[in-house]
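Here is how the chains run, residue by residue.
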2 protein chains.
Amino acid sequence: MEVIVADNAGFCFGVKRAIKMANDTMDQAPAGVKALGPLIHNPQVVSAFQRRGLTVVSELEEVESESTVIIRSHGVGPEVKDDAVRRGLKIVDTTCPFVTKAQQYASKLIEENYKVVMIGDQNHPEVIGVVAHTGNKAIVINTVAEAEALKFIPRMGVVFQTTHSIAHVQEIVGALLKRGKEVRVFNTLCGATTSMQKTAVELAPDVEAMVIVGGRQSANTAQLAEVCRRVNPRVYQVESAAEVREDWFTGLRRIGVSAGASTPDEVIAEVVERITQIEPAGAGA
Amino acid sequence: MEVIVADNAGFCFGVKRAIKMANDTMDQAPAGVKALGPLIHNPQVVSAFQRRGLTVVSELEEVESESTVIIRSHGVGPEVKDDAVRRGLKIVDTTCPFVTKAQQYASKLIEENYKVVMIGDQNHPEVIGVVAHTGNKAIVINTVAEAEALKFIPRMGVVFQTTHSIAHVQEIVGALLKRGKEVRVFNTLCGATTSMQKTAVELAPDVEAMVIVGGRQSANTAQLAEVCRRVNPRVYQVESAAEVREDWFTGLRRIGVSAGASTPDEVIAEVVERITQIEPAGAGA
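Here is what the cut-offs are and how they apply
Residues numbered from 1 in each chain as written. Chains lettered and ligands numbered in written order. Predicted model: local features only at pLDDT ≥ 70, side-chain atom pairs only at ≥ 80, totals over all residues. Heavy atoms only, no water. Least-squares fit on C-alpha atoms with pLDDT ≥ 70 in both. Contact = heavy atoms within 4.5 Å. Phe/Tyr/Trp six-rings, centres within 6.5 Å; stacked < 30°, edge-to-face > 60°. Helix = DSSP H or I, 4+ residues; strand = E, 2+ residues; numbered from the N terminus. Buried < 20%, exposed > 50% of the residue type's maximum accessible area, 1.4 Å probe, protein only. Lys NZ or Arg CZ within 6 Å of the ring centre and 35° of its normal. Pairing = 2+ DSSP bridges. Axes fitted to C-alpha atoms, helices over the stretch in contact; angles between N-to-C directions. Buried area = accessible area lost by both parts, 1.4 Å probe. Salt bridge = Lys/Arg side-chain N within 4 Å of Asp/Glu carboxyl O. Polar contact = N/O pair within 3.5 Å; in protein donor to acceptor, adjacent residues only side chain to side chain. 1 Å grid on protein atoms, 1.4 Å probe; cavity = no way out; pocket = protein on both sides within 12 Å on 5 of 7 lines; lining within 4 Å. Points joined across faces, edges and corners; volume = space filled by probe spheres on them. Nonpolar A, V, L, I, M, F, W, Y, C, P; charged D, E, K, R; others polar.

Draft legend 1. Here's a closer look at the relation of the copies chain B and chain A. Its rotation angle being 180°, the transformation that places chain B on chain A also includes 0.0 Å of axial translation and leaves an RMSD of 0.0 Å. Taken together, these values place the two copies in the relation of a two-fold axis. Closest to the rotation axis within chain B is the C-alpha of Arg-184 of chain B, separated from it by 2.0 Å. Most of the interface of chain B is mirrored in chain A, where 100% of its interface residues again form contacts.

Printed below as a string of structure tokens:
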């Protein structure tokens, strides 16, 4: 099978940075280091860190006093950092700089008396952290219908989950224009995600199917699959090579691959290798 | 022929107000009153005022010192009012309050160091007046392509020509989100125009053709015809009953009518009367 890998597939700047910071921390003082939540949304990467002795905890009270806690790339609310300081913990903050900007804009909008609307998935850790920066006053919406159902908001401030697609936020901002007098938008989309989506969308119509590699919890991987589906309905999402099914490709010859920002290069390479070994249509027999 | 007139067709609040102010002015001191540009974009109304002695001028130097000048509903730039004061003229300012708000928002955005983008027709007097309130620094665009062609603008302030349709500005704001980091939008659409468009768009699919009555220079009339065309391709625009052509309605029975915000009730009534007299399909013979 012919396989074409989209440019910009895989690790983004923020993920590389978080992994480097976590590696450096483990190199320096491996004992007792805890990560508050999975570092990034990729099970292979999280497992590799666990093998080095990094424990994932869900609450700060599980971290012993004076030991190190790693804040993951999705960020946390200011109250979590305050709590860590109170507990005397050493903080390694790997929050993606794009997420930090979204937190700062949300916080600025609340200070300037805007009602904040965040376009995102309300259960995603990044969104929970950004909303915490508004004192949990922000409204989270993720569909045009939810935007249209809002009461009128005279001063509306808007931020985006960094991994959303431009097409998704364009539609929802359009609907918000009907619900506000002033609609002040900070475009907090991550440039790396935008480039990754753009190259995948350019590739998708030129191949017979797209395979998107990434963690099932990864928001940017899900968005990547969705934007590809708009131009090519045949899109499969896998976490690893083991999930690739031969019967997906019956009658096909040319497959595109892209991967979420938290997918390691070796996982992408294994998926590519696996698909390459599948017989294309018209070969042999 | 059955004719259904859409709710909210015809004179809006701003036009009624401008006509009343101009009438009051003519009642009090008819001699030497000048209007700077046509009061509203409707030739019948302008003609009626001219018969009462109101002269339309295009420059302030055509107005004699100490006489009265009427500023039309579309508004003017601040330099025009300053000039009128310097010339010792009495000013009757009929600028629509919705247009005044758009001027104020544009001016506020420039003061707060935003690059102002106005979505509108650059040759329309309202747009020329609003842009003058930014010291002529605003960029005027009216299509998605023009939005996409802009250089990146870190701090972008956006206002709309008041008579544009929400669908039109939604599309263009969507494109602007790609060209700015902060995109601060003041929704300056006129509520009356929005209602007028909404009721016409609701009526249009239920009739076989729509007739839109209004001045050919009237931006809101043109937008009204355009939004109707999105749901019913058979839309005719006329300035008066004399322009209605019988052959438009061959084979039809049920016609919808709406009218721009500057169209007098009597002009609408004449058009309705004219269409009503046309034989519907299947009648007689």
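Draft legend 2. Quick peek at the packing of aromatic side chains. Residues and elements named next belong to chain A. All told, the structure shown has 10 aromatic pairs over all chains when counted by the stated rule. Arranged with centres 6.2 Å apart and planes meeting at 70°, the rings of Tyr-236 and Phe-249 form a pair that is edge-to-face. Residue Tyr-236 is found in strand E11 (residues 235-238), and its partner Phe-249 is found in the loop between E11 and strand E12 (254-259); the two are separated by 13 residues along the sequence. The two residues Tyr-236 and Phe-249 agree in class, both being buried. An aromatic cluster is defined as three or more aromatic residues linked by ring pairs; in this entry it consists of Tyr-236, Trp-248 and Phe-249. The ring of Tyr-114 carries the charged tip of Arg-155 above its face, separated from the ring centre by 4.0 Å.

Draft legend 3. Representation of the sheet that holds strand E2 (residues 34-36) of chain A. Residues and elements named next belong to chain A. If you walk across this open sheet you meet the 4 strands as E3-E2-E4-E5, and the pairing is parallel. In this open sheet, the two edge strands, each paired with only one partner strand, are strand E3 (55-57) and strand E5 (90-93). Sheet twist, expressed as the average angle between the axes of neighbouring strands with direction ignored, equals 30°. Examined bridge by bridge, E2 and E3 share 3 bridges and lie parallel to one another. Residue pairing for E3: Leu-36 is matched across the bridge by Val-57. Docked against the sheet, helix H1 (residues 13-28) engages strand E4 (68-71) and E5, running at close to 150° with respect to E5.

Draft legend 4. Up close: the interface of chain B and chain A. Counting from both sides, the interface comprises 20 residues of chain B and, opposite them, 20 residues of chain A. Among the residues of chain B in contact with chain A, Leu-177, Lys-181 and Asn-187 of chain B are the three that bury the most area, contributing 35% of the side total. Run the count over chain B and chain A and you get 2 salt bridges. Two residues, Arg-184 of chain B and Glu-182 of chain A, come together in a salt bridge whose shortest N-O distance is 2.5 Å.

Draft legend 5. View of unusual backbone geometry. Residues and elements named next belong to chain B. Positioned with a positive phi, Asn-113 is a non-glycine residue whose angle comes to about 65°. Examined against the element boundaries, Asn-113 turns out to sit in the loop between helix H4 (97-111) and strand E6 (115-119). Overall, the relative accessible area of 61% leaves Asn-113 in the exposed class. The backbone of Asn-136 sits at a positive phi, close to 60°, despite the residue not being glycine. By secondary structure assignment, the location of Asn-136 is in the loop between helix H5 (125-132) and strand E7 (139-141). Residue classification places Asn-136 among the exposed positions, given a relative accessible area of 56%.

Draft legend 6. Here's a closer look at the side chain of His-74 of chain A. With respect to the helices and strands, the residue His-74 of chain A is situated in the loop between E4 and helix H3 (78-86). At a separation of 3.4 Å, a polar atom in the side chain of His-74 of chain A contacts the side chain of His-41 of chain A.

Draft legend 7. How the structure looks around the layout of surface pockets. Of the pockets and cavities examined, the largest pocket occupies roughly 550 Å³. Within the residue set of the lining of the largest pocket, elements represented by two or more residues are strand E9 (180-186) of chain A together with helix H7 (166-176) and helix H8 (191-203) of chain B. A per-element tally of the lining of the largest pocket places H8 of chain B first, with 6 residues. In terms of residue class, the lining of the largest pocket is made up of 9 nonpolar, 7 polar and 6 charged.

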